[in-house]
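# What the coordinates show
Chain by chain, the residues run as shown.
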2 protein chains.
Amino acid sequence: MARRVSSPITDEQLATVARALANPARVRILRLLAAQDQCRGSEVFAQLPLAQSTISEHLRVLKQAGLISSHPVGTGMVYCLQRGPADQLLRAVGEIVDKVPECDTRAEGRHH
Amino acid sequence: MARRVSSPITDEQLATVARALANPARVRILRLLAAQDQCRGSEVFAQLPLAQSTISEHLRVLKQAGLISSHPVGTGMVYCLQRGPADQLLRAVGEIVDKVPECDTRAEGRHH
DNA sequence: CACCTCTATCGTCTATAGACGATAGACGAT
DNA sequence: ATCGTCTATCGTCTATAGACGATAGAGGTG
């Protein structure tokens, strides 16, 4: 029970990371990036059926949440997954889920 | 490579579960439930600094996302965590995160 | 230098989220 | 039967999310 690296994420922080995942387009982008390590912006723009400005906004949200990083390359940008916040979310949700005692809501009911 | 129980979650589905986690009050509720297996509604209402109607709405969202279940008991309700959707989220995010190649955005940049 | 490609930002619009109070409805207890 | 407690729903309001087109600006390329 030592090992408290990257302190226990707060409700706010967890909600913030979750909010970044709370949009199908952003999930799609993350999975795109996961499929190829890194990805040029123009490829991302080409893969989604959304306006370039919309996708750029999604990228901004993901970056702000720390889920991706970006750097300029040639005439464009390259986007890249980052583990940090996703790991925190995994750990926090994992801790919640591990507490589930298989109570599926019909134990010791009202049959008094 | 068999074992495809609860098929690979879609972008939409993952986003939906994430959206349920995308609010601090709901995270708080989940953690409350995790801390005590199950929880009477009145306790939940008492723990959060929000109107009862607001909390009831949050419980509805969590239930609709499949993250909790509920059943009547005595004169009230009991809420209870459910693993299913949270597990799917863990698996999906885990798969994304596992692909991260430690590219932290400054590799092979523009120093051509 | 002029051009062209790529990305970010701005302004706008619509839809959804999240909060509240008021109230309805279920159910046990008296 | 009446009452009191507990929860869900309704209506409303405000704030935020998410989409778009237009446009600005950075930075290679010819």
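What comes next is a walk through the structure.

Each value, and the rule that gives it
- Residues numbered from 1 in each chain as written.
- Chains lettered and ligands numbered in written order.
- Predicted model: local features only at pLDDT ≥ 70, side-chain atom pairs only at ≥ 80, totals over all residues.
- Heavy atoms only, no water.
- Core = buried A, V, L, I, M, F, W, Y, C linked by side-chain atoms within 4.5 Å.
- Buried < 20%, exposed > 50% of the residue type's maximum accessible area, 1.4 Å probe, protein only.
- Contact = heavy atoms within 4.5 Å.
- Salt bridge = Lys/Arg side-chain N within 4 Å of Asp/Glu carboxyl O.
- Helix = DSSP H or I, 4+ residues; strand = E, 2+ residues; numbered from the N terminus.
- Buried area = accessible area lost by both parts, 1.4 Å probe.
- Polar contact = N/O pair within 3.5 Å; in protein donor to acceptor, adjacent residues only side chain to side chain.
- Nonpolar A, V, L, I, M, F, W, Y, C, P; charged D, E, K, R; others polar.
- Near = heavy atom within 4 Å.
- Pairing = 2+ DSSP bridges.
- Axes fitted to C-alpha atoms, helices over the stretch in contact; angles between N-to-C directions.
- Parallel < 35°, antiparallel > 145°, perpendicular 65-115°, else oblique.
- Left-handed = near helix turned anticlockwise from the far one by under 90°.

So, about the nonpolar core. Judged by nonpolar contacts, the single largest core of 68 residues is most densely connected at Leu67(A), Leu89(A), Val93(A), Leu67(B), Ile68(B), Leu89(B) and Val93(B). Not counting residues up to four positions away in its chain, the partners in contact with Val93(A) are Leu14(A), Leu21(B), Ala86(B), Leu89(B) and Leu90(B).

Residue and element names in this part refer to chain A. With the rule as written, the count across this model stands at seven salt bridges over all chains. Between Glu57 and Arg60 there is a salt bridge, and its shortest N-O distance comes to 2.9 Å. Of this pair, Glu57 and Arg60 both sit in helix α4 (residues 52–64), three residues apart, which is roughly one turn of that helix. The salt bridge involving Asp87 is made with Arg83; its shortest N-O contact spans 3.1 Å.

Across the boundary between the two partners, chain A contributes 50 residues, which contact 51 residues of chain B. The contact between chain A and chain B buries some 4,300 Å² in all, and 63% of this surface belongs to carbon and sulfur atoms. The interface formed by chain A and chain B contains two salt bridges. Across the salt bridge formed by Arg31(A) and Asp11(B), the nearest N and O atoms sit 2.6 Å from each other. The interface formed by chain A and chain B holds six residue pairs in polar contact (both at pLDDT 80 or more) in total. Mapped onto the side of chain A that touches chain B, the elements with two or more residues apiece are α1 (11–21), α2 (24–35), β2 (68–73), β3 (76–81) and α5 (84–97) of chain A. Considering each element in turn, the side of chain A that touches chain B owes the most residues, nine residues, to α5(A). Counted by class, the side of chain A that touches chain B contains 25 nonpolar, ten polar and 15 charged residues.

Let's shift gears to the protein's contact with DNA strand C. Taken together, 18 residues lie around DNA strand C, and Ser42(A), Gln52(A), Ala51(B), Thr54(B) and His58(B) are the ones closest in. Restricting the count to atoms of DNA strand C within 4 Å of the protein gives a sugar and phosphate share of 62%. Between Asn23(B) and DNA strand C, the recorded distance is 3.4 Å, taken from a side-chain N or O atom to a phosphate oxygen. Ala51(B) is positioned such that a nitrogen or oxygen atom in its backbone is 2.9 Å from a phosphate oxygen of DNA strand C. Of all elements in the fold, only α3 (41–47), α4 and β3 of chain A together with α4 (52–64) of chain B reach the threshold of two or more residues within the surface near DNA strand C. Of the residues contributing to the surface near DNA strand C, the split by class is five nonpolar, eleven polar and two charged.

The next thing to look at is the sheet that holds strand β3 (residues 76–81) of chain B. Residues and elements named next belong to chain B. Strand order in the open sheet made by the three strands is β1-β3-β2, with antiparallel pairing throughout. Each edge of the sheet is formed by a strand with only one pairing partner; in this case those strands are β1 (38–40) and β2 (68–73). Between one strand and the next, the sheet's axes are offset by a mean angle of 25°, whatever the strand orientation.

So, about the sheet that holds β3(A). Residues and elements named next belong to chain A. One open sheet holds the three strands; their spatial order is β1-β3-β2, and the pairing between them is antiparallel. With one partner strand each, in any of the chains shown, β1 (38–40) and β2 form the two edges of the open sheet. This sheet shows a mean twist of 25° between the axes of neighbouring strands, independent of strand direction. The pairing of β1 with β3 spans three bridges and is classified as antiparallel.

To continue, consider the side chain of Asp11(B). Its place among the elements puts Asp11(B) in helix α1 (residues 11–21). Not counting chain neighbours up to four residues away, the residues in contact with Asp11(B) comprise Pro24(A), Val27(A), Arg28(A) and Arg31(A).

Residues and elements named next belong to chain A. The interhelical angle for the contact between α1 and α5, taken along N-to-C directions, is 110°, at an axis separation of 10 Å. The angle between the axes of α1 and α5 places the two elements in the roughly perpendicular class. For α1 against α5, the interelement crossing comes out left-handed. The residues of α5 that touch α1, namely those facing Leu14, Val17, Ala18 and Leu21, are Pro85, Leu89, Ala92 and Val93. Here the contact of α1 with α5 is composed, by residue class, of eight nonpolar, no polar and no charged.

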